[in-house]
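These are the residues of each chain, in order.
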Amino acid sequence: MFLQLLDRVLPFLRKSSSSSSSSSKGKVCPNGHVMHPSWDTCPYCLEMQQAMMGGAPSSTAMPMPMPGAGQGTAMLNVLEMGGEKGRGSQDKTREVCGWMVALNGQHKGEDFRLRVGKNVLGTAADCDIVLTDKKISRKHATIRYEGGEFQIADLDSSNGTFVNDEKVQKHDLIDNDIVKLGDIEFEFKCRAMREKRE
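Reading the values: the criteria
- Residues numbered from 1 in each chain as written.
- Predicted model: local features only at pLDDT ≥ 70, side-chain atom pairs only at ≥ 80, totals over all residues.
- Heavy atoms only, no water.
- Pairing = 2+ DSSP bridges.
- Helix = DSSP H or I, 4+ residues; strand = E, 2+ residues; numbered from the N terminus.
- Axes fitted to C-alpha atoms, helices over the stretch in contact; angles between N-to-C directions.
- Salt bridge = Lys/Arg side-chain N within 4 Å of Asp/Glu carboxyl O.
- Phe/Tyr/Trp six-rings, centres within 6.5 Å; stacked < 30°, edge-to-face > 60°.
- Buried < 20%, exposed > 50% of the residue type's maximum accessible area, 1.4 Å probe, protein only.
- Polar contact = N/O pair within 3.5 Å; in protein donor to acceptor, adjacent residues only side chain to side chain.
- Contact = heavy atoms within 4.5 Å.

Draft legend 1. Examining the sheet that holds strand β10 (residues 166-168) more closely. Taken in spatial order, the six strands line up as β4-β3-β13-β12-β9-β10 in an open sheet, and their pairing is antiparallel. Edge positions in the sheet fall to β4 (111-115) and β10, since each of these pairs with one other strand and no more. In this sheet, neighbouring strand axes are inclined to one another by 30° on average, regardless of whether the strands run parallel or antiparallel. As judged from the three bridges shared by strand β9 (residues 161-163) and β10, these two strands associate in the antiparallel manner. Following the sheet pairing, Val 163 is matched in β10 by Glu 166.

The following block contains the structure:
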């Protein structure tokens, strides 16, 4: 009699446990976040996008359109994010005065424009030149052009700044100097100051 009762109850137990495990999982967004089955938009992705845009989530802010299920691409207006960063300052009021050419690493062959005034180099998204190397600090160094001279300054980076294989805190740059940040070596190029260092 116990076995007959068990045979009748067991299918119900299996059914309820499988339905509860599927409902506890919920939906999965394109980025792999588990979310409630009733949600159409992933709040985690929305929060990350708002953080990347520099704004905090607020109840008055209009939600950013998210990719639909199965799609992994979201459209962003780069101009609203402050222009194209990373390839050198895009402030068109400052003229280009030099550039750095990556000689190795992930950026090999890329050139980064330097503009009059201060140019911040590092891995942080708000740097004028954004680099991707694990040994480069968020705000690693600055290259400043003022009064016809270029100067590089280390910003207390973890792994230091090197010019022609010498570790420097501040150093004047001339054309063809080799600058090393993390594991990436750059050749510094400028139109002015081509004379040799004494």
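Draft legend 2. Fine view of the pattern of salt bridges. This model, assessed by the stated rule, comprises five salt bridges. Residues Lys 189 and Glu 187 are paired through a salt bridge, measuring 3.8 Å at the closest nitrogen-oxygen approach. When salt bridges that share partners are traced, they join Asp 175, Glu 187 and Lys 189 into one network.

Draft legend 3. Representation of the sheet that holds strand β6 (residues 129-130). If you walk across this open sheet you meet the five strands as β6-β5-β7-β8-β11, and the pairing is mixed. What marks the edges here is a single partner per strand, and that holds for β6 and β11 (170-173). Bridge count for strand β8 (residues 149-154) against β11 is four bridges, and the pairing is antiparallel. Its bridge partner lying in β11, Phe 150 is registered against Leu 173.

Draft legend 4. Layout of the packing of aromatic side chains. All chains considered together, the criterion is met by three aromatic pairs. Taken together, a centroid distance of 4.4 Å and an interplanar angle of 40° make the contact between Tyr 145 and Phe 150 tilted. When sorted by exposure, Tyr 145 lands in the same class as Phe 150, which is buried. Ring plane angle 70° and centroid distance 4.8 Å describe the contact between Phe 150 and Phe 188, whose orientation is recorded as edge-to-face. One end of the pair, Phe 150, is in strand β8; the other, Phe 188, is in strand β13 (residues 184-190), with 38 residues separating them in the sequence. Across this residue pair, the class does not change: Phe 150 and Phe 188 are buried. Joined through ring pairs, the aromatic side chains of Tyr 145, Phe 150 and Phe 188 make up one cluster.

Draft legend 5. Local environment of the pairing of strand β7 (residues 141-146). The pairing of strand β5 (residues 117-122) with β7 spans five bridges and is classified as antiparallel. By the bridge assignment for β7, Leu 121 is matched with Ala 141. Pairing between β7 and β8: six bridges, direction antiparallel. The residue of β8 that forms the bridge with Ile 143 is Ile 152. Taking the residues that link successive antiparallel strands as the turn, the β7-β8 hairpin has two residues, and the phi of Gly 147 there is positive, at about 60°.

Draft legend 6. Representation of the side chain of His 140. Tracing the backbone shows His 140 in the loop between β6 and β7. Of note is the side chain of His 140, whose polar atom sits 2.8 Å from the backbone oxygen of Gly 160. With near-sequence residues (within four places) excluded, His 140 lies in contact with Leu 121, Gly 122, Lys 135, Ala 153, Asp 154, Leu 155, Ser 157, Gly 160, Thr 161, Leu 181 and Gly 182.

Draft legend 7. Structural detail: unusual backbone geometry. The phi torsion at Asn 164 lies on the positive side, around 50°, for a residue other than glycine. Tracing the backbone through its elements, the reader meets Asn 164 in the loop between β9 and β10. Relative accessible area serves as the criterion here: at 33%, Asn 164 is assigned to the partly exposed category. Although it is not a glycine, Asp 165 adopts a positive phi angle of roughly 70°. Among the secondary structure elements, Asp 165 is positioned in the loop between β9 and β10.

No statement about biological role is implied by the geometric values presented.
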